[in-house]
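Topology and contacts: notes
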Amino acid sequence: MRLEAIRQALAALAVTEEVEVVKIIPAPKPAEGEEAAKPTEVREKVSQTMLFTPDYKKKGFHLDIKVPPAELPAAAQSLIDQGFFLEAITGVDWPKEGQIEVVYDFNHWDELCRVVVRARTDRDQPAVPTISHIYSGANWHERETHDFFGVKFSGHPDLSPFLLPDDADYHPLRKDFKA
Amino acid sequence: METKELQPSIIHLAPLDQVLAIGRANSLWPMTFGLACCAIEMMAAGASRFDLARFGAEVFRPSPRQCDVMIVAGTISKKMAPAVKTLYDQMPEPKWVIAMGNCAISGGPFAFEGQYGIIEGADKFLPVDVYIPGCPPRPEALIEGILELEEKVTGSRRWPRVQCG
Amino acid sequence: MNAPVTDKSLAVLDRTAETFVLNLGPQHPATHGVLRVKLTMDGEYIVHAEPVLGYIHRMHEKMGENRTWAQFMPNTGRLDYLGALSYNHGYCLAAERAEGIEVPERAEYIRCITVELNRIASHLLWFGAFVLDLGGFTPLLYAFDDREQILDLLESVTGARLTFCYFRFGGVYNDIDDNFITGAKAFVKRLRSRMPMYHDLVTKNIILIKRLKDIGPLSQELCRRYGATGPVLRGSGVCFDVRKHEPYSVYPEFDFDIPVYHECDSMARYMVRMDEIEQSLRIVEQGLDKLPDGPVMAAKAPKILKPAKGDYYAAVEAARGSFGIRVVSDGTNTPYRLKLRSPTFSNLSLFSEACQGMILPDALALMGTLDLVIPEIDR
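1. Regarding the overall build of chain B
Scanning chain B for helices and strands turns up five helices and three strands. Computed over the C-alpha atoms, the radius of gyration of chain B is 16 Å, within 12% of the 15 Å expected from 2.2 N^0.38 for a compact globule of 165 residues. For the C-alpha atoms alone, the extent of chain B along its principal axes is close to 50 × 50 × 25 Å. Residue burial in chain B is summarised as follows: out of 165 residues, 42% are buried. Taking the contacts inside chain B whose residues are at least 6 apart along the sequence as the reference set, 78% of them involve residues at least 24 apart.

In structure tokens:
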């Protein structure tokens, strides 16, 4: 029930992306005596709304949504309105795509409902808006993500080094980091 | 802070020095200074079962100015190292350093290629007297380390060595 | 001793020109390790507190990315060294979920029994150290006496006293024997008979009550904004425990309660932990009675993990709150990304807001009830 409510609230924010889908078309049944032809693979570009409800047993979360960075505060606002709390914020570096993914984990006290909100930003100039004015706890998580990945959270009150030494100018969890 | 070269005293009284050494060795005052996991074993060594008081080393002082021994119990990160150095400098002479646990000896499990955060061993910037290996060392090992330090101070061992195996 | 910002203390706070900065830590006995708090003080009152972290940042997340799945296991024992087995458990759950490994029932029971024993050990150490912060030395000696009994038991099966690395993907490393079972049963009896003594000695002590009652109130709204979990949240009247809320392992098989107090003050958080010791004893007792026979390791557990691409999340209730772990796999034998969501990180983040206008000794009592383990915050 909670899941359905938050799904509806967030659905409008989800991005629509061109996703390459591999379709396997089975070969027609071979006539007798003939060898069976291999099934053909067809790659198609399909536009898809990036809002999934994965199998909880397999993945460990109920709702997985990708939003454009600008919509993060709106998503956080509708989550806090429904009583969700923030578990963590983290980044994932994808150098091949030239992107950094910022991942937000939410959970609810009363009913088990884990929501994952993702946003991707450019790897060279990573920036997403802060949600620390909505979830005060996000302040530290965002500082940590800035430390590790160099993601600028615009509007954040203080992005000085947090877990790293005061003079640190490196971002150690980027894949190309060398000590 | 400026450190002055201290003049060694002109007259040395060998018997007096020895008496002082025995006095110091039998009541070492360690600093209440824990960095990580090893600090818990240090607490355990001071608490009921292992009772470091039996060896006169239970007076844990929170202030470096009242301490003889610094037990470096845990990983020294690059951010923490200046603070550790300051604490060591604030201790009055004579003073000793025990490196407790693998992290304080060599970086332990956290020394790997490409590491960016830790100092690989307390002896990179402190004169370490006794090394106690383990991850973390058992309280008995810490007690043995203290006895070892006593031996270093006085030149002779107060307690018999336990033969193992 | 008044915790909330009263009119009187606000009047004091107005004189901002007369504030001074007090540096608490990184070496301070009351900060339980290497936490540093920059305090702006007006006399005895705290105007602003800023925790400074990173003094024991040990690069766990970076290490996760450059070793195999199994090789990261010892790290989980060094995150929160007081409740290491919960962290073992959390990591195992995540990896088992990613790879789809089934764990035999006996192993699940052993996991629950050892984790609960570890939880009691953690709470006992917290109890001793917390009362020590408030100025009472003796309870520490009592608490360590009982804690050593647990460590003896755990050492006999895991081989370690503190930084356990006992769980494996698909089970546990070592089966428990009859000595452990009789020892654990005797321990349950012993601690149960000693709990009234703890309450007589400490809980009913007028000094403790004066130091904790109505001190450091944390409202539910504050907890939600900061994502506080564990005993901190349960002391604020929210019944949230991952063991009940998101049942994992064989916890649904056990009959136990979640202690919840609605006073929101430091005393409530103290009482939650004391009651949790008794609830954990119940779980251990039931686990030992119900312990099934069978293998302790899944027969088909792969030696080298290569989970399918994608990300997976798993959470457990550690001694300090909800420990979550997010793993991102790229299909190879090393994790692509490993995020550790540590409970005290979120719990400490509310300290700055909660301690405003308090006097310093009360703030230290509040900090004590947050039950900080710094290496787990800094990771």
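Still to come is the rest of the account.
2. A look at the packing of helix α4 (residues 84-99) of chain C against helix α5 (residues 105-133) of chain C
All names here are of chain C. Close contact between α4 and α5 brings their axes to 7 Å; oriented N to C, the two are set at 140°. Taken together, the axes of α4 and α5 are oblique relative to one another. Contacts between α4 and α5 involve Ala84, Leu85, Ser86 and His89 from the former and Arg111, Thr114, Val115 and Asn118 from the latter. Among the residues making up the contact of α4 with α5, the classes are represented as three nonpolar, four polar and one charged.

3. Thoughts on the interface of chain C and chain A
A common measure of how large an interface is: the accessible area buried when the components associate. Taken together, the contact pairs 28 residues of chain C with 24 residues of chain A. When residues of the side of chain C that touches chain A are traced back to their parent elements, those giving at least two are α2 (60-65), α9 (220-226), β6 (310-318), β7 (321-329), β8 (335-341) and α13 (343-349) of chain C.

4. Re the packing of helix α1 (residues 14-26) of chain B against helix α5 (residues 139-154) of chain B
Each pair of packed helices can be described by the angle between their axes along with the distance between the axes. Residues and elements named next belong to chain B. Viewed as axis vectors pointing N to C, α1 and α5 meet at an angle of 170°, and their least axial separation amounts to 9 Å. As summarised for this structure, α1 and α5 are arranged roughly antiparallel, according to the angle between their axes. From α1, Ala21, Ile22, Arg24 and Ala25 reach across to α5, where they touch Glu150, Val153 and Thr154. Residue classes in the contact of α1 with α5 are distributed as four nonpolar, one polar and two charged.

5. Overview of the environment of Ile150 of chain C
All names here are of chain C. Of note, Ile150 is situated in helix α6 (residues 138-158). Its 23 C-beta neighbours within 10 Å are what place Ile150 among the buried residues. Here the alpha-carbon distance between Ile150 and Asp330, two residues 180 residues apart in the chain, equals 40 Å. The residues touching Ile150, leaving out its near neighbours within four places in the chain, are Leu117, Ile120, Ala121 and Phe187.

6. Observations concerning the nonpolar core
Residues Met70, Ile71, Val72, Ile98, Ala99 and Met100 of chain B are the most contacted members of the largest nonpolar core, which totals 211 residues. Take this core: its biggest share by element is 16 residues, from α5 of chain C. Ignoring sequence-local partners within four residues, the contact set of Val72 of chain B consists of Val84, Val97, Ile98, Ala99, Met100, Ala104 and Ala122 of chain B.

7. Description of the pairing of strand β4 (residues 63-66) of chain A
All names here are of chain A. Neither face of β4 is open: one carries Leu63 and Ile65, the other Asp64 and Lys66, and all of them are buried. Where strand β3 (residues 51-52) and β4 come together, two bridges link them in antiparallel fashion. Among the inter-strand pairings, Leu51 is bridged to a residue of β4, identified as Ile65. Sheet topology note: the β4/strand β7 (residues 115-122) ladder contains four bridges and is parallel. The partner of Ile65 across the bridge, within β7, is Val117.

8. Re the interface of chain C and chain B
Listed as interface residues are 26 residues of chain C and, on the opposing side, 31 residues of chain B. The leading source of residues in the side of chain C that touches chain B is α6 of chain C, at five residues. Here the residues of the side of chain C that touches chain B sort into 15 nonpolar, six polar and five charged.

9. Here's the deal with the sheet that holds β6 of chain C
Note on sheets: strands pair through backbone hydrogen bonds, and any given pair is parallel or antiparallel. Residues and elements named next belong to chain C. Spatial strand order, β6-β7-β8: three strands in an open sheet with antiparallel pairing. The two strands at the open ends of the sheet, each matched to only one other strand, are β6 and β8. Strand-to-strand twist across the sheet, computed as the mean angle between neighbouring axes with direction ignored, equals 15°. As paired strands, β6 and β7 are joined by nine bridges and run antiparallel to one another. From the neighbouring strand, Ala315 faces β7, where its bridge partner is Gly324.

10. Side note on helix α4 (residues 138-149) of chain A
Over its twelve residues, α4 of chain A extends 16 Å from the first C-alpha to the last, a length consistent with the 16 Å expected when each residue adds 1.5 Å. The element α4 of chain A is largely enclosed, with a buried count of twelve among its twelve residues. Packed against the buried residues of α4 of chain A are β5 (84-94), β6 (99-108) and β9 (152-154) of chain A together with α13 of chain C. Just past α4 of chain A, the residue Gly150 of chain A takes up positive phi, approximately 75°.

11. As for the pairing of strand β2 (residues 36-42) of chain C
All names here are of chain C. Sheet analysis places strand β1 (residues 20-24) next to β2, joined by five bridges and oriented antiparallel. From the neighbouring strand, Val21 faces β2, where its bridge partner is Thr40. One ladder, built from seven bridges, connects β2 with strand β3 (residues 45-52); its direction is antiparallel. From the neighbouring strand, Thr40 faces β3, where its bridge partner is His48. Hairpin connection of β2 to β3: two residues between the antiparallel strands, including Gly43 at a positive phi of 65°.

The rules behind these values
Residues numbered from 1 in each chain as written. Chains lettered and ligands numbered in written order. Predicted model: local features only at pLDDT ≥ 70, side-chain atom pairs only at ≥ 80, totals over all residues. Helix = DSSP H or I, 4+ residues; strand = E, 2+ residues; numbered from the N terminus. Rg over C-alpha atoms; globule rule 2.2 N^0.38 Å. Buried ≥ 20, exposed ≤ 12 C-beta atoms within 10 Å, placed from the backbone. Contact = placed C-beta atoms within 7 Å. Axes fitted to C-alpha atoms, helices over the stretch in contact; angles between N-to-C directions. Parallel < 35°, antiparallel > 145°, perpendicular 65-115°, else oblique. Nonpolar A, V, L, I, M, F, W, Y, C, P; charged D, E, K, R; others polar. Core = buried A, V, L, I, M, F, W, Y, C linked by C-beta atoms within 7 Å. Pairing = 2+ DSSP bridges. Expected span 1.5 Å × (residues − 1).

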